[in-house]
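Residues per chain, in single letters:
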Amino acid sequence: RAFAFISAFDAVVRGTMLSVYPLLMYRAWGDAAVVSLWYFGIGLASLLTALSIPWLVRQVPRRRVYAMGVGFYLLAAVFGVVGGRATTLALLCHAVAAAHIFVCFNAYVLDSIPKTDFGRLESLRLLYGGIGWTVGPVLGVWLLRLWHGAPFVLVALAALTMLAAFWWTGVSGNRVSATGLQRSPHPLAYLGRFLAQRRLVAGWLFALLRSCGWWVFVVYVGIYAVQKGLGDQVGGTVTSLVSVGAFFAPLMLRWMQRHSVRHAVRTGFRMSGLLFLAAALASPWPWLAVALMLLGACYLVL
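Residues numbered from 1 in each chain as written. Predicted model: local features only at pLDDT ≥ 70, side-chain atom pairs only at ≥ 80, totals over all residues. Heavy atoms only, no water.

1. Considering a positive patch on the surface
The condition is simple: Patch membership needs two things, relative accessible area over 30% and no salt bridge, and members are linked within 9 Å if like-charged or within 5 Å if nonpolar (Val, Leu, Ile, Met, Phe, Trp, Tyr). In this description, accessible areas are obtained by the Shrake-Rupley approach with a 1.4 Å probe, and a residue is regarded as covered only by the protein chains that are shown. By convention in these notes, a salt bridge is any Lys or Arg side-chain nitrogen within 4 Å of a carboxyl oxygen on Asp or Glu. Counting rule applied: Lys, Arg positive; Asp, Glu negative; His and chain ends not counted. For this purpose, a charge sits on NZ of Lys, CZ of Arg, CG of Asp or CD of Glu. Here a strand is any run of E in DSSP of at least two residues, a helix any run of H or I of at least four, and the numbering for each starts at the N terminus.
Taken together, the side chains of Arg 198, Arg 199, Arg 262, Arg 266 and Arg 270 make up a positively charged region of the molecular surface. Breaking the positive patch down by element, the ones donating at least two residues are α11 (198-227) and α14 (261-281). Element by element, the count of residues in the positive patch is highest for α14, at three residues. Looking at the secondary structure, you find Arg 198 in helix α11.

Written out as structure tokens, the structure is:
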């Protein structure tokens, strides 16, 4: 529950900005293709950051690396308040911060949570983070209409609260031994062994494809709505509606346990794929396309 509690504040930080960044980036650059290129470049920077964390943890205690991630969230808030094309730097800092937090959080989970409890932790994490993921996107866009820096002020406060919760719950005291850190090779050293295991590769592909579908939805549904004259509130509202699925995570877990992971994965990808294809065909009719994208994204939650 301590881990789920901490992740709830991370959900507020990330959920609030989910629909804000695409709108601000589109306002700053005025071209969806340019926004796409920036997201691609920042995504690569985030990936390189994540791969560098094991090396960084050998030099600096993991709890400080986690705190460093919170510091990048605060830096993102500063650039966001500046506004304009500085929003691109805010997005970069936000992505780097998320990489720090994500890798360190998962490392603490692997140190502390038995493998048999992973499913329960994940459902609890989604449940606790439900408010951040559901209210956050629409709240962020609403605050944006009041003042462009307002969402970033909220992000800074939530990030500081998350750091306080990290220390208060005692999670920061869990760490692997120094010997283990010295002998642990870089993740890329395991690449050969990883590629030799088909189920691991398949699991990675599932996560990759789901993430691609999710980010295309998050980034472009708001831009599409603005281009079609539906208003800037549509992206945040639709993203919030999809995130309501987080509250149903425990029910999804029970349904999956009665059937199988294989059946759940097939159902999620099959339905989301068909609905996104239907949305592409319905793109001349904006409200229908948005509704189909909404339903398709709901299956990504599964």
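Still more to cover.
2. Looking at the environment of Gly 43
Spelled out, the test is: Working definition: with a 1.4 Å probe on protein chains only, accessible area under 20% of the residue-type maximum means buried, over 50% means exposed, and in between means partly exposed.
One can find Gly 43 in helix α3 (residues 32-59). For Gly 43, a relative accessible area of 36% puts it in the partly exposed group.

3. A closer look at the packing of α3 against helix α4 (residues 62-82)
Going by this rule: Inter-axis angles, ranging from 0 to 180 degrees, are taken between N-to-C directions of lines fitted to C-alpha atoms, where helices are fitted over the stretch in contact. Should an angle lie under 35 degrees it is considered roughly parallel, over 145 roughly antiparallel, and from 65 to 115 roughly perpendicular; all remaining angles are considered oblique. In this scheme the handedness of a crossing depends on how the near helix is turned from the far one: anticlockwise by less than a right angle means left-handed, clockwise means right-handed. Throughout, a contact is declared for two residues whenever any of their heavy atoms are within 4.5 Å. Under the scheme applied, nonpolar residues are Ala, Val, Leu, Ile, Met, Phe, Trp, Tyr, Cys and Pro; charged residues are Asp, Glu, Lys and Arg; polar residues are all the others, including Gly.
Where α3 contacts α4, the two axes come as close as 8 Å, and the packing angle between them is 130°. Between α3 and α4, the interaxial angle falls into the category oblique. In this structure, the crossing between α3 and α4 has a hand that is right-handed. Contacts from Ile 53, Leu 56 and Val 57 of α3 reach α4 at Arg 62, Val 65 and Met 68. Tallied by class, the residues present in the contact of α3 with α4 amount to five nonpolar, no polar and one charged.

4. Points about the packing of aromatic side chains
Operational definition: Centre distance within 6.5 Å is the pairing criterion for rings of Phe, Tyr and Trp, where only the six-membered ring of Trp is used; planes under 30 degrees apart are then read as stacked, over 60 as edge-to-face, and the remainder as tilted.
Tallied over the full model, the rule gives ten aromatic pairs. A centroid spacing of 5.7 Å and a plane angle of 85° characterise the contact between Phe 3 and Phe 105, whose relative ring orientation is edge-to-face. Remark: Phe 105 occurs in helix α5 (residues 87-112) and Phe 3 occurs in helix α1 (residues 2-17); sequence separation between them is 102 residues. There is no split in this pair, since Phe 3 and Phe 105 are both buried. Taken together, a centroid distance of 3.9 Å and an interplanar angle of 10° make the contact between Tyr 66 and Phe 166 stacked.

In short, geometric facts, not functional conclusions.
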